[in-house]
Number of protein chains: 2
Amino acid sequence: MSKASAGHHTGDHSTRKQILESALRQFGHFGFSKVTMNDIAAEIGMGKATLYYYFPTKEELFQAVLENEHRQFICSLEDAAAKKGSAAKKIRHYVAMKMDNFYNMTNLNIADFRNWHTVKPFLQETYQRFADEEQAIIGHFLKGGMDAGDFTVTPVERISYALLQVLRGLRCHFLRSIEGPRVDPEKFQQLKQEALFVTDLILNGLKSSTCASQ
Amino acid sequence: MSKASAGHHTGDHSTRKQILESALRQFGHFGFSKVTMNDIAAEIGMGKATLYYYFPTKEELFQAVLENEHRQFICSLEDAAAKKGSAAKKIRHYVAMKMDNFYNMTNLNIADFRNWHTVKPFLQETYQRFADEEQAIIGHFLKGGMDAGDFTVTPVERISYALLQVLRGLRCHFLRSIEGPRVDPEKFQQLKQEALFVTDLILNGLKSSTCASQ
DNA sequence: AATTGGACTTTTATGGTCTAATAGTCGAAC
DNA sequence: GTTCGACTATTAGACCATAAAAGTCCAATT
């Protein structure tokens, strides 16, 4: 699990890293279901059994890849959070980055995304966990904006939830509209613009006013 | 097609109406694919050929049912538009009604909605037409609000499109999250609340301010 | 002529089986 | 601890056979 003891000749546990890199590349290119464990093993010039030494199942390997992508995304988010700037700007930035992250994530297993009910429960939980993390961060941004007096946010959680929900909805509808087995980068750009536009609309509504309803 | 000449003993073309009523009831209960033409014919105590006398295909019968529902929805929308009241109120009202309409529509063929790509193109066009009509109406509401000075809306079409897009996104994600073959009324209520909440957020942002980005 | 029923044909959906591909295992070797 | 080659167990996909449902036709009734 942790960074194991001592490597012998090759650097450390580079094999694991190699596997993850190859998996990322191939899943990102062909999607989860079209890539076999043999494919990955072959690419790094090793036997399939080696993969199973590091990852108990194909799905857990896939999950590890997702986790990596997400971790990286969260990091760049937190970097952005560290820099000073208005809360609105940070949230807007979040949305832009999130959409790019979505683009990558989607290409990893677009086939499964499209009929969601086939996705294994534990992966759904993973996605849910990701969403929760993001909501916390957005909530943090909003809180900052409120403290700075930029805008008024009745219950922070309610707003951050709504924003996430809206963005997820846009992505969901986008996925539905896709035809081929790949995401069209041009269509994706439209989605991104739409997401930013809606975000601006909502942020605009938060500026200095007590929020309505419920 | 039009209200044909003279009926003999039974009232006018009541058969057509009967068919539509039965179809609405049964599709609404079991979904498009689970109801056969025989079922409908049986319910109104007539032969299947009669159905085909009035409707060339099952899909066109279904479409007629959809059209009815939609027409009714549009009518109640326009009624609401006629009454005086703020644009924001009208839009909020639209959203509430739209969600109810969605509930009905969904139950009509939930199975097909869930894997959208299987839906026949001509039905997709129908839904698109519905959406376009609604966008026009929302645009009209927004325009009214702008004229009244309630809020500022840079390009009306842009905003109405975005609003529709957001609502559609929420519905889309809702469908994805459904498990059984029926919509859980309680979950649906949550969706409706969410839609109203988000609508309020956006409307709030439109109040007296030049809209951002793009 | 408009409308309906009943027998008819054609198309589509469904379940089962069979096979090939792929996930996953095991023990030996280093 | 790490890797490999050969092994087994699952699963996904192709194929087909059968049942059900869509859709057609024509005679009969009004």
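In the block above lies the structure referred to throughout.
In every chain, residue numbers begin from 1 and rise along the written sequence. Whichever chain is written first becomes A and whichever ligand is written first becomes 1, with later ones labelled in order. Given that this is a predicted model, residues contribute local features only at a pLDDT of at least 70 and side-chain atom pairs are listed and counted only at 80 or more, while totals for whole chains, interfaces and linings are drawn from all residues.

Undergrad: Got a sec to walk through the protein's contact with DNA strand D? Specific residues and values, please.
TA: Should the C-beta atom of a residue, placed from the backbone, lie within 6 Å of a molecule or strand, that residue is near it. If you check the shell around DNA strand D, you find 17 residues, and the closest are Met46(A), Ala49(A), Thr36(B), Ala49(B) and Lys58(B). Labels follow the DSSP assignment, with helices taken as runs of H or I lasting at least four residues and strands as runs of E lasting at least two, numbered in each case from the N terminus. Where the surface near DNA strand D is concerned, the elements lending two or more residues are helix H3 (48–54) of chain A together with helix H2 (37–43) and helix H3 (48–54) of chain B. A per-element tally of the surface near DNA strand D places H3(A) first, with 4 residues. Of the residues that constitute the surface near DNA strand D, the class distribution is 7 nonpolar, 7 polar and 3 charged. In this count, Pro and Cys sit with the nonpolar residues alongside Ala, Val, Leu, Ile, Met, Phe, Trp and Tyr, while Asp, Glu, Lys and Arg are called charged and the others, Gly among them, polar.

Undergrad: Talk me through the relation of the copies chain B and chain A; I want residue IDs and the actual numbers.
TA: Superposition record for chain B on chain A: RMSD 0.1 Å, screw rotation 180 degrees, translation along axis 0.1 Å. When the rotation and shift are considered jointly, the pair of chain copies conforms to a two-fold rotation axis. Among all residues of chain B, the minimum C-alpha distance to the rotation axis is found for Gly205(B), at 1.5 Å. Whether two residues are in contact depends on their C-beta atoms, placed from the backbone: they are in contact if these lie within 7 Å. In this assembly, 100% of the residues forming the interface of chain B have copies in chain A that are likewise at the interface, indicating an isologous arrangement. A least-squares superposition brings the copies together, and it is based on the C-alpha atoms of residues with pLDDT no lower than 70 in both.

Undergrad: Before we move on, can you summarise the interface of chain B and chain A with the specific residues and values?
TA: On the side of chain A, 26 residues touch chain B, which itself brings 26 residues to the contact. Listing elements by their share of the side of chain B that touches chain A, those giving two or more residues are helix H8 (156–177) and helix H9 (185–206) of chain B. Among the elements that take part in the side of chain B that touches chain A, H9(B) stands out by supplying 10 residues, more than any other. Partitioning the side of chain B that touches chain A into residue classes produces 12 nonpolar, 10 polar and 4 charged.

Undergrad: Go over the protein's contact with DNA strand C, please, and point to the residues and values.
TA: Taken together, 17 residues lie around DNA strand C, and Thr36(A), Lys58(A), Met46(B), Gly47(B) and Ala49(B) are the ones closest in. Secondary-structure elements contributing two or more residues to the surface near DNA strand C are helix H2 (37–43) and H3 of chain A together with H3 of chain B. Counting residues per element, the surface near DNA strand C draws most heavily on H3(B), which supplies 4 residues. The residue inventory of the surface near DNA strand C, partitioned by class, reads 7 nonpolar, 7 polar and 3 charged.

By themselves, these are just geometric observations and shouldn't be taken as functional.
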